[in-house]
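If you want the building blocks of each chain, they are given just below.
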Amino acid sequence: MRARSFKPRPAALPAALVLIATALLVDGGVASAHLGSPDVFFEGNAGPYPLLVTIRPPEVIPGVAVVDVQAPDDQLGLVTLVPTPLRGPGAVLPPTADVAHAEVGDPHRFSAKLWFMASGSWQVRVHVDGPRGAGDLAVPVPALALRTKTMQRGLGLGLAALLAFLVAGMISIVGASVRDAALEPGQQADGQRRRRSRVAQTVAAAVLTALVLGGATWWGDEASGYGQNVYKPLALQASTAVGGDGVITLSLTLTDPGWAKSRRLDDLVPDHDHLMHLYVVRVPAMDVVAHLHPDQGQPGKFQRALPALPPGDYQLFADIVHQTGLAETATTIVTLPAAKGGGPIGDDALGTGRALAADAATTRAFRMPDGGQVVWLGGDSADPLRAGRTTWFRFRVDGADGKPATDVTPYMGMAGHAAFIKDDRSVFAHIHPSGSVSMATLALIESGNGSGVSADPHAAHKGHAGHHAAALPPEIAFPYACPKPGLYRIVVQFKRGDVIQTAFFSARVD
């Protein structure tokens, strides 16, 4: 039996291959859950050990989070980490924990990578063993898909070229098999065989085109389905009305643009005793900042009479916490007319400072109206601030006599509150001395899983000197990492006696 010879002929590239290349190079949109600052920073005690935990959640779900644990004062022997849902059955049946490994040359720092397999409110449980026994700490973390990852352009082009080669090869093989399969060696195909070959190639091209288009449609449906899970922040609408007394009333309405069915607007829980923490920042100068607490009338609808604010454009940043533990920040811009207004009431605060100029350098001191000042003591080292590097921002409150103040008292349960705002307003973060975690979410951990974290929403802060004490130390520190280079406005608010004060700083981040 003689061997059959095959003579592949070149075939034209089907137009569908262009569609393949297009499908492989589809780009996804980018969304942000916390106004450009999704990382979690938390300082708390695991038994006798103070820890600073930094969690960098994945941008896509499922995805890998990077967890960094710093123990400044102790030589820990073992650190393990395990992610669980914030509440529900999964919270009481954790999987096997991962061991965090000490950094080379730094026995105080441990790191590990953890998989988050589903979107929602999660926690990372940290267990440590050391010379003074064992301890545990739970850190809430939102696991949200923030974008659809983009295929690298080179990889997409390479895969498209490979697919084109395979399709062209298959068409050629089909044509050659019809034309030459029955020929004897050396025999040439006649006109009839050539016509049959062209017909077979046409049919094969049509079938393969249909398969490729079907695959592209399936791929598009999958991408669209995933896109529905990409986080969409709440929309915030603001309006103002000037009353007969000349005071402006600010009305706010939260609306859901359509994201997770589990997100509701009638399930907000108090954080520091308030359903909403609203920062009102005059832009672009960022020289006037009010920290207000609007009252909710109906679900998603809030109102607040404004203190005396100069007219102009203001960016609003509204922090809320859902019963699920999910904390969100909604933002919008409102223009305020000239109007009357009184001083701040209750826990509200209002401060003014110098405009944030584009060429501003890092400032180290802010003079208060009462003659005192707030001194920025710097970070953990003399190195310049760098984007993405967790740093303790330490401030000291001095009295008018130049000495450290002795009358700093808790402000809404904290030694202080700080807002980090990038000059282009792409970043906003409301930070406490314990980090970026809301106290309301911490309380939900205890109520939902019995993990050992106290139901006291301020429990994590009791490791901080003087929490709920009559007088606090004059130094206030905030753990945070500016997410990208640029110029930031830092607003520090604290309480001396019964007076809430606001200090302004600018910071250059490399």
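Just so it is clear, the model here is predicted, and its values are computed rather than measured.

Draft legend 1. How the structure looks around the sheet that holds strand 12 (residues 277-282). Spatial strand order, 17-16-12-13-18: five strands in an open sheet with antiparallel pairing. At either margin of the open sheet sits one strand with a lone partner, and together these are strand 17 (327-336) and strand 18 (349-352). Neighbour-to-neighbour, the strand axes of the sheet open up by a mean angle of 15°, direction not taken into account. Here four bridges tie strand 13 (residues 288-292) to strand 18, and the two strands are oriented antiparallel to one another.

Draft legend 2. Summary view of a nonpolar patch on the surface. Together, Leu-155, Leu-159, Leu-162, Phe-165 and Leu-166 make up an exposed nonpolar region whose accessible area comes to about 500 Å². Its place among the elements puts Leu-162 in helix 3 (residues 153-180).

Draft legend 3. Representation of the pairing of strand 1 (residues 40-46) in the model. Most of strand 1 sits out of view: six of its seven residues are buried. Bridging between strand 1 and strand 2 (residues 49-56) involves seven bridges; their strand directions are antiparallel. Note on strand 2: the bridge partner recorded for Phe-41 is Thr-54. The loop that links strand 1 with its antiparallel partner strand 2 comprises two residues; one of these, Gly-47, has a positive phi angle of about 60°.

Draft legend 4. View of empty space enclosed by the protein. Counted according to the given criterion, the structure contains four cavities of 30 Å³ or more. A volume near 510 Å³ is recorded for the largest cavity. Around the largest cavity, the lining is made up of 33 residues, and of these His-34, Ala-327, His-430, Ser-436 and Ser-438 lie nearest the centre. When residues of the lining of the largest cavity are traced back to their parent elements, those giving at least two are strand 8 (120-130), strand 9 (133-143), strand 16 (312-321), strand 17 and strand 24 (428-431). No other element matches strand 24, which puts four residues into the lining of the largest cavity. Its residues assigned to classes, the lining of the largest cavity shows 16 nonpolar, 13 polar and four charged.

Draft legend 5. Local environment of helix 3. Between its first and last C-alpha atoms helix 3 spans 40 Å; for 28 residues at 1.5 Å apiece the expected length is 40 Å, and the two agree. Within the span of helix 3, buried status applies to Gly-156, Ala-160, Ala-164, Val-167, Ala-168, Ile-171, Ser-172, Gly-175, Ala-176, Arg-179 and Asp-180.

Draft legend 6. Looking closely at helix 4 (residues 191-229). In a regular helix each residue adds 1.5 Å, so 39 residues correspond to 57 Å; helix 4 covers 57 Å between its end C-alpha atoms and thus fits that length. Within helix 4, the full set of buried residues consists of Ser-197, Ala-200, Gln-201, Ala-204, Leu-208 and Val-212.

Draft legend 7. Main features of the nonpolar core. In terms of nonpolar packing, the biggest core is built from 44 residues, with Phe-393, Phe-395, Tyr-480, Ile-490 and Phe-505 touching the most fellow members. Elements represented by at least two residues in this core include exactly strand 12, strand 20 (373-378), strand 21 (391-398), strand 23 (417-422), strand 24, strand 25 (475-480), strand 26 (486-496) and strand 27 (499-509). Beyond its immediate chain neighbours, meaning those up to four positions away, Phe-395 contacts Val-374, Val-375, Trp-376, Leu-377, Pro-474, Glu-475, Ile-476, Phe-478, Ile-490, Val-492 and Phe-505. With 37 residues, the next largest nonpolar core counts Trp-122, Ala-143, Met-414 and Leu-442 among its residues.

Draft legend 8. View of the pattern of salt bridges. Evaluated as defined, the whole model comprises 15 salt bridges. Residue Arg-263 is joined to Glu-328 by a salt bridge in which the shortest nitrogen-to-oxygen separation is 2.7 Å. In this pair, Arg-263 sits in the loop between strand 11 (248-255) and strand 12 while Glu-328 sits in strand 17, placing the two residues 65 residues apart along the sequence. Taking the relative accessible area as the measure of exposure, Arg-263 reaches 7% and is therefore buried. When its relative accessible area of 2% is taken as the criterion, Glu-328 is described as buried. Through salt bridges with shared partners, a single ionic network connects Asp-256, Arg-263 and Glu-328.

Draft legend 9. Structural view of the environment of Lys-340. Topologically, Lys-340 is positioned in the loop between strand 17 and strand 18. A residue is classified by how much of its surface remains accessible, and Lys-340, at 60% relative accessible area, is exposed.

Draft legend 10. Representation of the sheet that holds strand 1 within the structure. Read from one edge of the open sheet, five strands run 1-2-3-7-6, paired in antiparallel fashion. Of all strands in the sheet, those with a lone pairing partner are strand 1 and strand 6 (101-103), marking the two edges. Adjacent strand axes in the sheet meet at a mean angle of 30°, parallel and antiparallel pairs treated alike. Pairing of strand 2 with strand 3 (residues 63-70), which is carried by five bridges, proceeds in the antiparallel orientation. Along strand 3, the bridge assignment pairs Arg-56 with Val-66.

Draft legend 11. Local environment of unusual backbone geometry. With omega at 0°, the peptide bond leading from Ile-61 into Pro-62 counts as cis. Summarising the element assignment, Pro-62 is placed in the loop between strand 2 and strand 3. Here the amide bond leading from Val-283 into Pro-284 is cis, since omega sits at 5°, within 30 degrees of zero. One non-glycine residue, His-272, lies in the positive phi region at around 55°.

Draft legend 12. Quick look at the confidence of the model for the protein. Confidence along the protein averages 86 in pLDDT terms, with 88% of residues attaining 70 or more. Within the model, pLDDT remains below 50 along residues 1-33, and this stretch shows 64 contacts once partners closer than five positions in the same chain are excluded.

Draft legend 13. A look at the packing of helix 3 against helix 4. At their nearest, the axes of helix 3 and helix 4 sit 8 Å apart, and the two run at 150° to each other. Accordingly, the angle class assigned to the pair helix 3 and helix 4 is roughly antiparallel. The element helix 3 and its partner helix 4 pack so that their crossing is right-handed. Contacts between helix 3 and helix 4 involve Val-167, Met-170, Ile-171, Ser-172, Val-174, Gly-175, Ala-176, Val-178 and Arg-179 from the first element and Arg-193, Arg-194, Arg-196, Ser-197, Ala-200, Gln-201, Ala-204, Ala-205 and Leu-208 from the second.

Draft legend 14. Molecular detail of the packing of aromatic side chains. As enumerated under the stated definition, the model contains 14 aromatic pairs in all. Centre to centre, the rings of Trp-218 and Trp-219 are 6.3 Å apart; their planes meet at 65°, and the pair counts as edge-to-face. The partly exposed category is assigned to Trp-219, whose relative accessible area is 43%. By way of ring pairs, the aromatic residues Phe-41, Trp-376, Phe-393, Phe-395, Phe-420, Phe-478, Tyr-480 and Phe-505 are connected into one cluster. The ring of Trp-376 carries Arg-364 above its face, with NZ or CZ at 4.5 Å from the centroid.

Draft legend 15. View of the pairing of strand 10 (residues 235-242). As paired elements, strand 10 and strand 11 share eight bridges and run antiparallel to each other. Residue pairing across strands places Ala-241 opposite Thr-249, the latter belonging to strand 11. Between the end of strand 10 and the start of strand 11, which pair antiparallel, lie five residues, with Gly-246 showing a positive phi angle near 85°.

Rules used in this analysis
Residues numbered from 1 in each chain as written. Predicted model: local features only at pLDDT ≥ 70, side-chain atom pairs only at ≥ 80, totals over all residues. Heavy atoms only, no water. Pairing = 2+ DSSP bridges. Helix = DSSP H or I, 4+ residues; strand = E, 2+ residues; numbered from the N terminus. Axes fitted to C-alpha atoms, helices over the stretch in contact; angles between N-to-C directions. Patch = residues over 30% accessible without salt bridge, like charges linked within 9 Å, V, L, I, M, F, W, Y side chains within 5 Å. Areas by Shrake-Rupley, 256 points an atom, 1.4 Å probe, with all protein chains shown as cover. Salt bridge = Lys/Arg side-chain N within 4 Å of Asp/Glu carboxyl O. Buried < 20%, exposed > 50% of the residue type's maximum accessible area, 1.4 Å probe, protein only. 1 Å grid on protein atoms, 1.4 Å probe; cavity = no way out; pocket = protein on both sides within 12 Å on 5 of 7 lines; lining within 4 Å. Points joined across faces, edges and corners; volume = space filled by probe spheres on them. Nonpolar A, V, L, I, M, F, W, Y, C, P; charged D, E, K, R; others polar. Expected span 1.5 Å × (residues − 1). Core = buried A, V, L, I, M, F, W, Y, C linked by side-chain atoms within 4.5 Å. Contact = heavy atoms within 4.5 Å. pLDDT = per-residue confidence, 0-100. Parallel < 35°, antiparallel > 145°, perpendicular 65-115°, else oblique. Left-handed = near helix turned anticlockwise from the far one by under 90°. Phe/Tyr/Trp six-rings, centres within 6.5 Å; stacked < 30°, edge-to-face > 60°. Lys NZ or Arg CZ within 6 Å of the ring centre and 35° of its normal.

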